[in-house]
Amino acid sequence: MAFGLFGGSSNTDSDKTASPVPVAPLSTSTLGANAAQAKKLIQEQISQELAIANATELVQKITENCFQNCVKNPGSTIDAAQKKCTEQCFEKYMHGWNLVSRAYITRIQQSKYDI
Amino acid sequence: MPELDSQALASLDAESRKEIMQWIDSENSKAKVQSSIHNFTDMCWKKCVTKDITSNMLDTTESNCMTNCLQRFLDTNINVVKLIQAAQK
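Residues numbered from 1 in each chain as written. Chains lettered and ligands numbered in written order. Predicted model: local features only at pLDDT ≥ 70, side-chain atom pairs only at ≥ 80, totals over all residues. Heavy atoms only, no water.

Asker: How do you make sense of the overall build of chain A when you look at a structure like this?
Answerer: When helices and strands are tallied, chain A shows 3 helices and 0 strands. Going residue by residue from the N terminus, the α and β elements of chain A occur as α-α-α. Of all 115 residues assigned to chain A, the portion counted as buried reaches 25%. (Helix = DSSP H or I, 4+ residues; strand = E, 2+ residues; numbered from the N terminus. Buried < 20%, exposed > 50% of the residue type's maximum accessible area, 1.4 Å probe, protein only.)

Right, dumping it as structure tokens:
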């Protein structure tokens, strides 16, 4: 427990060989590295899942709204006007999202200070 | 991306667990805010973008409408909370 606590700057090579204990209780430095690695992995996986959930939600909402706005009479194919409308609608929706996002976050922050 | 294995998770000490829980809490609140933004945008878009779409930008009327829609929705939310609080007394 006493050695290898401080960032492992001095005896990096001897750390592995110095420990007389074979496997079971991990040396502090090994545990630290594993924990840091595991922490990083957990954060990466959760971040990625959140990003996917967010993107899925956005795709869902844009599809619904732009379909409603642009494909009023669904025919045998999406025509050029509907495609163009969808493109514009997509960008327009993103602008709307950003507008709402900024206004909402500003308001949350203001109400935080009010309380 | 490498897979998380249970051994790596088991190797986490109490301090790391605490840090991760705190991080997850903060990511959770961010995700909730984001989810609300999705719902508000959806709701206000339906109210405010009623004309045919001919531009990739919101015009002044539409963007004012979106902002007002959000603000008045939040006002309404606060009013409903007050009404419920009043009803409990």
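Asker: How do you make sense of the environment of Val33(B) when you look at a structure like this?
Answerer: For Val33(B), the position within the fold is in helix α2 (residues 14-48). Residue class for Val33(B) comes out partly exposed when judged on its relative accessible area of 23%. When residues no more than four places from it in sequence are discounted, the contact partners of Val33(B) are Tyr104(A), Ile105(A) and Ile108(A). (Contact = heavy atoms within 4.5 Å.)

Asker: Even after reading the chapter, I still don't get the nonpolar core, so can you show me in this structure?
Answerer: Burial of nonpolar side chains together is a common tendency in soluble globular proteins. Counting residues in each nonpolar core, the largest one holds 24 residues, and the members touching the most others are Trp45(B) and Leu70(B). Every element with two or more residues in this core is listed here: α2 (28-70) and α3 (80-114) of chain A together with α2 and α3 (60-88) of chain B. Broken down by element, this core gets its largest block of residues, 7 residues, from α3(A). The next biggest cluster of nonpolar side chains, apart from the first, holds 5 residues, and it includes Ala35(A), Ala38(A), Leu12(B) and Ile20(B). (Core = buried A, V, L, I, M, F, W, Y, C linked by side-chain atoms within 4.5 Å.)

Asker: What am I meant to see in the pattern of salt bridges here?
Answerer: One side chain can pair with another of opposite charge once the charged atoms of both are near each other. With the rule as written, the count across this model stands at 12 salt bridges over all chains. Salt-bridge contacts for Lys61(A) lead to Asp42(B); the nearest nitrogen and oxygen are separated by 3.7 Å. Taken together, the positions of Lys61(A) in helix α2 and Asp42(B) in helix α2 put the pair across two chains. Take Lys61(A): its relative accessible area is 11%, and that puts it in the buried class. In this structure Asp42(B) comes out as buried when scored by relative accessible area, which is 12%. A salt bridge links Lys72(A) to Asp52(B), with the nearest nitrogen and oxygen atoms 2.6 Å apart. Of this pair, Lys72(A) sits in the loop between α2 and α3 while Asp52(B) sits in the loop between α2 and α3, placing the two residues on different chains. Through salt bridges with shared partners, one network takes in Glu57(A), Lys61(A), Asp42(B) and Lys46(B). (Salt bridge = Lys/Arg side-chain N within 4 Å of Asp/Glu carboxyl O.)

Asker: Would you mind showing me how to read the state of the cysteines here?
Answerer: With the rule as written, the count across this model stands at 4 disulfides over all chains. Residue pairing for Cys70(A): its cysteine sulfur links by disulfide to Cys85(A), the two sulfurs lying 2.0 Å apart. Here Cys70(A) and Cys85(A) share a disulfide; its torsion about the S-S bond, -70°, makes the bridge left-handed. Of the two residues, Cys70(A) is situated in helix α2 and Cys85(A) in helix α3; the sequence distance between them amounts to 15 residues. As far as the burial class goes, Cys70(A) and Cys85(A) line up, both buried. With its sulfur 2.0 Å from that of its partner, Cys48(B) forms a disulfide with Cys65(B). Since a negative S-S torsion denotes a left-handed disulfide, the Cys48(B)-Cys65(B) link at about -75° is left-handed. Taken together, the positions of Cys48(B) in helix α2 and Cys65(B) in helix α3 put the pair 17 residues apart, joining distant regions of the chain. Judged by its relative accessible area of 8%, Cys48(B) is buried. The cystine pairing of chain B, numbering bonded cysteines in sequence order, is 1-4, 2-3. Numbered in order of appearance, the disulfide-bonded cysteines of chain A are paired 1-4, 2-3. (Disulfide = S-S within 2.5 Å.)

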